[in-house]
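If you want the building blocks of each chain, they are given just below.
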Amino acid sequence: MLTTCSTLAVFHRIIRRLEPAFMWMPLTFVLLFSTGFIAARFGTQDAEPFTLLLTRSLVVLPVLGLILMALRKPRQWGDGKARLTQMGIGMLLHGAYLGGVFAAVEAGLPAGLTALLVSLHPLVTAALSLPLFGVRLNIKQWAGLVCGAIGVSLVLGAGLLGEDINTTSEWPLIGLVWCLVALLGMSSSTLWQKRAGGRLGMVEGLIFQYLGAALVFIVAAGLVGSFEFDPTPRLLLTLAWLVIAISVGAIWLLMLMLERGEAHQVARMFFLVPPCAALMAWLLFDEQWSPLMVVGAALVVGGLVLDRPKARPAPSPIQASEAARR
């Protein structure tokens, strides 16, 4: 264990020294996030989705513990209320969102379409911010909401009505319901996280989030699942990718970007997730889109572009020195 922790610490120091060349970090994070939809398609061929995600949550926990030891920073475990809050956020973010995505793909919904529908969460979050927090939307955000709504209507209309039998198969309604669950889970967890604030360290918070998600997956697998898990080489490789590339790799990049104050870059590039996932699904699974669906997807991406936040200006040397003295 000490050797593993030392390796992680060395890896972290190497990355920090190469930070000036890390303009690719936000793009890499988005690409890794996009592969989650492809992993859902591969993984649900050999395992029931909630059982697969339960296994992933349990495997991630000791890995996060090793990362926490490698960082060698003061622990920020927070109080009991903060821990329960993070568990609740994990139930929505990892439980409802990921569970909904994997269940939708397992039900037969195309991976690219699933990525498109759940990528609407920034627009839904912005719409819910008005009644919940009194945050008023500007003209660009309203335009983004309208573009997103029209785009989704076109995509769903073309698919459900079967615009082209040769390119569009019937979509299961239960898959669309699971997408709705995922969308609401992501948006509500985002709003809850904003209200909760940062009372725990990032890794410490993730540990409690995965604990909360594991509880959701145990209940979901018992109620609507079957605890089916066939450890084929394909499934084991998929599980390894979910843990190492997404749960560890993507999270590590996010931590580094937060340290550098570049988290806004991820939000600005998040609109690339639907086309990236759709391209991967087309290359790997030959998922076809009709022309009307492509137009609708373009409107959705356009809506996400309009809603993306502006980059924060870098502080001047005077501002930085004043902040350091406080």
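Remember, predicted model here, so these are calculated numbers, not experimental data.

For the rest of this paragraph, the subject is the overall build of the chain. Helix and strand content of the chain: 14 helices and zero strands. Starting at the N terminus and walking to the C terminus, you meet the elements of the chain as α-α-α-α-α-α-α-α-α-α-α-α-α-α. By the burial criterion, 47% of the 326 residues in the chain qualify as buried. Considering only intrachain contacts with a sequence separation of at least 6, the fraction spanning at least 24 residues in the chain is 89%. Accessible surface computed for the chain: about 16,300 Å², of which carbon and sulfur atoms make up 69%.

The geometry of helix 5 (residues 111–118) relative to helix 8 (residues 173–196) is characterised by a closest axis approach of 9 Å and an angle of 40° between their N-to-C directions. On the basis of their axis angle, the class for helix 5 and helix 8 is oblique. The element helix 5 and its partner helix 8 pack so that their crossing is right-handed. Together, Thr 114, Leu 117 and Val 118 of helix 5 and Leu 176, Cys 179, Ala 182 and Leu 183 of helix 8 make up the contact between the two elements. Taken together, the residues of the contact of helix 5 with helix 8 sort by class into six nonpolar, one polar and no charged.

So, on to the packing of aromatic side chains. Scanning all chains against the criterion turns up four aromatic pairs. Both rings, one in Trp 77 and one in Phe 208, keep their centres 6.0 Å apart while their planes meet at 85°; by these two values the pair is edge-to-face. Placement of the pair is Trp 77 in the loop between helix 3 (49–71) and helix 4 (80–106) and Phe 208 in helix 9 (residues 202–223), with a sequence separation of 131 residues. Exposure remark for Trp 77: the relative accessible area of 31% places this residue in the partly exposed category. When its relative accessible area of 14% is taken as the criterion, Phe 208 is described as buried. The side chain of Arg 41 reaches across the aromatic face of Phe 285, ending 4.3 Å from its centre.

The next point concerns the side chain of Ser 189. Tracing the chain through its elements places Ser 189 in helix 8. Take Ser 189: its relative accessible area is 2%, and that puts it in the buried class. Reaching out from Ser 189, the side chain makes a polar contact with the backbone oxygen of Met 186 at a distance of 2.8 Å.

We now examine the side chain of Ser 57. Within the secondary structure layout, Ser 57 lies in helix 3. Relative accessible area serves as the criterion here: at 1%, Ser 57 is assigned to the buried category. If we skip the residues at most four places from it in the chain, Ser 57 touches Tyr 210, Ala 213, Ala 214 and Phe 217.

All right, on to the confidence of the model for the chain then. Regions with low pLDDT should not have their predicted coordinates read in detail. On average, residues of the chain score 77 in pLDDT, and 74% of them are at 70 or above. This stretch, residues 163–168, has a pLDDT under 50; its non-local contacts, to residues over four places away or in other chains, come to 10 contacts. Contacts for the low-pLDDT stretch residues 312–326, under 50 throughout, to residues beyond four places or in other chains number one contact.

Moving on, we come to the packing of helix 3 against helix 4. Angle between the axes and distance between the axes: these two values describe a pair of packed helices. For the pair helix 3 and helix 4, interaxial distance at closest approach is 9 Å and the crossing angle is 140°. What the angle tells us is that helix 3 and helix 4 run oblique. The chirality of how helix 3 crosses helix 4 is right-handed. On helix 4, the residues touching Pro 49, Phe 50, Leu 52, Leu 53 and Arg 56 of helix 3 are Leu 98, Gly 99, Phe 102, Ala 103 and Glu 106. Grouping the constituent residues of the contact of helix 3 with helix 4 by class yields seven nonpolar, one polar and two charged.

With that settled, the discussion passes to the pattern of salt bridges. Enumeration according to the criterion identifies two salt bridges in this entry. Measuring nitrogen to oxygen at the nearest pair gives 2.8 Å for the salt bridge that ties Glu 287 to Arg 41. Separated by 246 residues along the polypeptide, Glu 287 in the loop between helix 12 (273–285) and helix 13 (291–307) and Arg 41 in helix 2 (residues 25–43) bring together distant segments of the chain. Two residues, Arg 234 and Asp 46, come together in a salt bridge whose shortest N-O distance is 2.8 Å. Remark: Asp 46 occurs in the loop between helix 2 and helix 3 and Arg 234 occurs in helix 10 (residues 233–260); sequence separation between them is 188 residues. A relative accessible area of 38% means that Arg 234 is categorised as partly exposed. Classification of Asp 46 by relative accessible area gives buried; the value is 7%.

Conventions we followed
- Residues numbered from 1 in each chain as written.
- Predicted model: local features only at pLDDT ≥ 70, side-chain atom pairs only at ≥ 80, totals over all residues.
- Heavy atoms only, no water.
- Helix = DSSP H or I, 4+ residues; strand = E, 2+ residues; numbered from the N terminus.
- Buried < 20%, exposed > 50% of the residue type's maximum accessible area, 1.4 Å probe, protein only.
- Contact = heavy atoms within 4.5 Å.
- Areas by Shrake-Rupley, 256 points an atom, 1.4 Å probe, with all protein chains shown as cover.
- Axes fitted to C-alpha atoms, helices over the stretch in contact; angles between N-to-C directions.
- Parallel < 35°, antiparallel > 145°, perpendicular 65-115°, else oblique.
- Left-handed = near helix turned anticlockwise from the far one by under 90°.
- Nonpolar A, V, L, I, M, F, W, Y, C, P; charged D, E, K, R; others polar.
- Phe/Tyr/Trp six-rings, centres within 6.5 Å; stacked < 30°, edge-to-face > 60°.
- Lys NZ or Arg CZ within 6 Å of the ring centre and 35° of its normal.
- Polar contact = N/O pair within 3.5 Å; in protein donor to acceptor, adjacent residues only side chain to side chain.
- pLDDT = per-residue confidence, 0-100.
- Salt bridge = Lys/Arg side-chain N within 4 Å of Asp/Glu carboxyl O.

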